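Coordinate inspection notes
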Amino acid sequence: MKLYDSLSNKKIDVVEPITMYCCGPTVYNDVHIGNIRPIITFDVLNRLSTLLGKEVEFVHNITDIDDKIINAAKTQGIDELEFSNKYFQEYLHILQSLNVKKMTMPKVSENMQDLITYIQKLISSKHAYVSGGDVYFDVASIKNYGCLSKQNIEQLKTGVRKELSKNKKNEFDFALWKQTNEGINWDSPWSKGRPGWHTECACLINKFFGKQVEIHGGGIDLKFPHHENENTQNIAISNTNIAKIWMHIGHIKVNNEKMAKSLGNFILVKDLLKQYQPNVIRWFMYQTQYENPINFSKDFFIQLNEEFNKLIKTIDQTIIDLSIKGIKIQLNKKAINSEFVNALEDDLNFPNAIKAIWSDVKSLRTFFSKKDFSKVNSLISSIYNEFDVLGLKHEDILTEQNTILINKWKEAIESKRYDVADKIRQEFKDKGII
């Protein structure tokens, strides 16, 4: 399996054991579709690795302390951790609804001593300094700052607005620890305060994976400054990049415009789930390569919903037809289209993986008409396994009620009572099953 590395700009072989870290949300509001694209991408990578029999360890952090959380909690007059836990539980519900596999999900608030120890290491190594109760990383102490985002200091001076503070040595230094008496805070050797965002992920990767994680990523907007600053800290402590492979997932646009609060075009996942089945939301994510932007529109989602329903109906029609003939499906967990696997092993090529699924689905009717039921059985097994890798669910069509109807249908055909058979067929059509 190869993945495109954003640092080296080339595809790199993934080796075992596969360790993965995907940056998680700051839980102060409801997640939008842009928030979930990275975790769905990593979920497929997790599922594919499992299919290939590889050992996987996956960590997805939760930022449950932050200025935004504190300000929002203060407005509502409730405890910050109670406030953030509310949105964390809602996020878990979203992940469950979207069939995302469970993973390790550490909260920042529950790893405070590790963060303090990590920051002290940076201070002791002379890569960080204490100033006025704050702790800052000394960017000048590291060569090639900006290598991940492909920027140099001079470009950054004109292209990025920097946080200004009289306590900094220079404008590019970033906070590892912020002294504050406002909101929840912790005792440290330097002051009462809270850790900086960039050091949280760097510390957690170090805690769970040591010097380097195999695959690390998130949305493309995190490349700078968040991932750049994570990487810089790791180089300071371990003299190596924090990740072997950097994955950056493209933006989701809405009606060809950038999704932004100022434009009022945020699409919340909880609202989308009221209109569409989770399968369609995941299917949307696979319409283009994960590094590329993808455009959301109502018309596109309606089209995808119809497309996915057509795919499911073809599968269900075939299963019913087999059942009428008295042929039981025997699923083979190892059966899978090699073109599907090859596509995903090549930097998670979603469009080609989707093509392989459609190829299998279209072949169902061809081999059914040829009465090659062994091949049909193999294709259904392959489709089910492909669905599993993509986190798509397929409800068993052979429920108790449907099985009774199918048996009546079969009896009607065998006794040549075709009017009865046609009525049962219409009943399945009315249910939207076939």
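Our subject in this report is the structure included herewith. Just so it is clear, the model here is predicted, and its values are computed rather than measured. (Residues numbered from 1 in each chain as written. Predicted model: local features only at pLDDT ≥ 70, side-chain atom pairs only at ≥ 80, totals over all residues. Heavy atoms only, no water.)

**Things to note about the packing of helix α10 (residues 298-324) against helix α12 (residues 350-369)**
Running from N to C, α10 and α12 point in directions that differ by 35°, and their axes come no closer than 10 Å. Where α10 crosses over α12, the two elements pack in a sense that is left-handed. Packed against α10, whose contacting residues are Glu-307, Leu-311, Thr-314, Ile-315, Gln-317, Thr-318, Asp-321 and Leu-322, the element α12 presents Ile-357, Trp-358, Val-361, Leu-364, Arg-365 and Phe-368 at the interface. (Axes fitted to C-alpha atoms, helices over the stretch in contact; angles between N-to-C directions. Helix = DSSP H or I, 4+ residues; strand = E, 2+ residues; numbered from the N terminus. Left-handed = near helix turned anticlockwise from the far one by under 90°. Contact = heavy atoms within 4.5 Å.)

**Brief notes about the packing of aromatic side chains**
For the coordinates displayed, the defined rule picks out 16 aromatic pairs. On the basis of an interplanar angle of 65° and a centroid distance of 5.3 Å, the ring pair of Phe-83 and Tyr-87 is categorised as edge-to-face. Here Phe-83 pairs with Tyr-87, and both are found in helix α3 (residues 80-97), just 4 residues apart, close to one helical turn. The burial state of Phe-83 is the same as that of Tyr-87; both residues are buried. (Phe/Tyr/Trp six-rings, centres within 6.5 Å; stacked < 30°, edge-to-face > 60°. Buried < 20%, exposed > 50% of the residue type's maximum accessible area, 1.4 Å probe, protein only.)

**Focus: unusual backbone geometry**
For the bond running from Glu-16 to Pro-17, omega is -5°, close enough to zero to count as cis. Take Pro-17: it is sitting in the loop between β2 (10-13) and β3 (18-22). Omega for the bond connecting Phe-224 with Pro-225 falls within 30 degrees of zero, at 5°, which places this linkage in the cis form. In this fold, Pro-225 is placed in helix α7 (residues 223-238). A positive phi angle is found at Lys-150, which is not glycine, with a value near 60°. Residue position: Lys-150 is located in the loop between β6 (134-137) and α5 (153-159). For Asn-239, which is not glycine, the phi torsion reads 60° and is therefore positive. Judged by its relative accessible area of 69%, Asn-239 falls in the exposed class.

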